[in-house]
Amino acid sequence: MKKKILNDFGGIMFSTDPSFVYEQDNVAEDAPLAANQQDLRVTLDRKNRGGKGVTLVTGFIGTTDALETLAKMLKSKCGVGGAAKDGEILIQGDFRDKVLLLLQKEGYKVKKSGG
């Protein structure tokens with residue numbers, strides 16, 4: 001999710017006029033890209049997790065429903081828990097190689113990053 005900044009509101013941050021109504025532009029969500037156009041990164045992350053590692057998949061562009069569906073498939077194939085939030089998929093444990101192969105079978109462009 002993109003953080004809203006002052007420019008997103010046309011420079012209006014606060015109005016004392018009680019009848020003022022801010023009209024939002026009809027901004028469409030990110031159009032979901034095809035699997036072969038996605039550029040995903042698979043890393044092992046241990047930060048702020050008490051030393052336990054999680055496999056982190058970043059770079060997904062699309063709807064939250066598509067992200068949740070992909071996360072559910074990866075979690076079930078790996079047989080572990082995890083989550084999908086903030087455009088990232090977290091898989092509990094070190095499953096980088098398995099996740100990499102599963103995503104490649106689905107047609108995604110995937111790279112292993114990090115150490």
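Everything quoted here is computed from the prediction, not taken from an experiment.

Basis of the calculations
Residues numbered from 1 in each chain as written. Predicted model: local features only at pLDDT ≥ 70, side-chain atom pairs only at ≥ 80, totals over all residues. Heavy atoms only, no water. Helix = DSSP H or I, 4+ residues; strand = E, 2+ residues; numbered from the N terminus. Expected span 1.5 Å × (residues − 1). Buried < 20%, exposed > 50% of the residue type's maximum accessible area, 1.4 Å probe, protein only. Arc of directions from axis to C-beta. Contact = heavy atoms within 4.5 Å. Salt bridge = Lys/Arg side-chain N within 4 Å of Asp/Glu carboxyl O. Pairing = 2+ DSSP bridges. Axes fitted to C-alpha atoms, helices over the stretch in contact; angles between N-to-C directions.

1. Structural notes on helix α1 (residues 64–78)
Inference 1: Helix length check: α1, at 15 residues, gives a terminal C-alpha distance of 21 Å against a target of 21 Å (1.5 Å per residue), a fit within 8%.
Inference 2: Of the residues making up α1, those classed as buried are L67, L70, A71, M73, L74 and C78. Along the axis of α1, the buried residues cluster in a sector spanning 160°; they form a single face. Residues of α1 that are exposed and point more than 90 degrees away from the buried face comprise D65, T69, K72 and S76.
Inference 3: Buried positions along α1 lie against β3 (82–85), β4 (88–92) and α2 (96–105).
Inference 4: Looking at the residues trailing α1, positive phi occurs at G79, about 75°.

2. Brief notes about the environment of K98
Inference 1: Looking at where K98 falls in the secondary structure, it is placed in helix α2.
Inference 2: Judged by its relative accessible area of 39%, K98 is partly exposed.
Inference 3: Put simply, K98 and C78 are 20 residues apart on the chain and 7.5 Å apart in space, counted from C-alpha to C-alpha.
Inference 4: What K98 contacts, discounting residues up to four positions off in sequence, is K77 and C78.

3. As for the pattern of salt bridges
Inference 1: Applying the stated criterion to the full structure yields four salt bridges.
Inference 2: One salt bridge connects R41 with D39, and the closest N-O pair in it is separated by 3.9 Å.
Inference 3: According to the relative accessible area criterion, R41 is partly exposed, its value standing at 31%.
Inference 4: Take D39: its relative accessible area is 37%, and that puts it in the partly exposed class.
Inference 5: The salt bridge partner of D45 is R49, with a shortest N-O separation of 2.9 Å.
Inference 6: The exposure class assigned to D45 is buried, which follows from its relative accessible area of 16%.
Inference 7: By relative accessible area, which is 31% here, R49 ends up partly exposed.

4. A short note on the sheet that holds strand β5 (residues 109–112)
Inference 1: Taking strand neighbours across the sheet as the criterion, the five strands line up as β3-β4-β2-β1-β5 in an open arrangement whose pairing is mixed. Unpaired on one side and paired on the other, β3 and β5 mark the two borders of the sheet. For this sheet the average axis-to-axis angle between neighbouring strands, irrespective of direction, equals 20°.
Inference 2: The sheet contact formed by β3 and β4 spans four bridges and is antiparallel. Note on β4: the bridge partner recorded for A83 is L90.
Inference 3: In the packing of α1 onto the sheet, the strands contacted are β3 and β4, and the crossing angle to β4 comes to about 15°.

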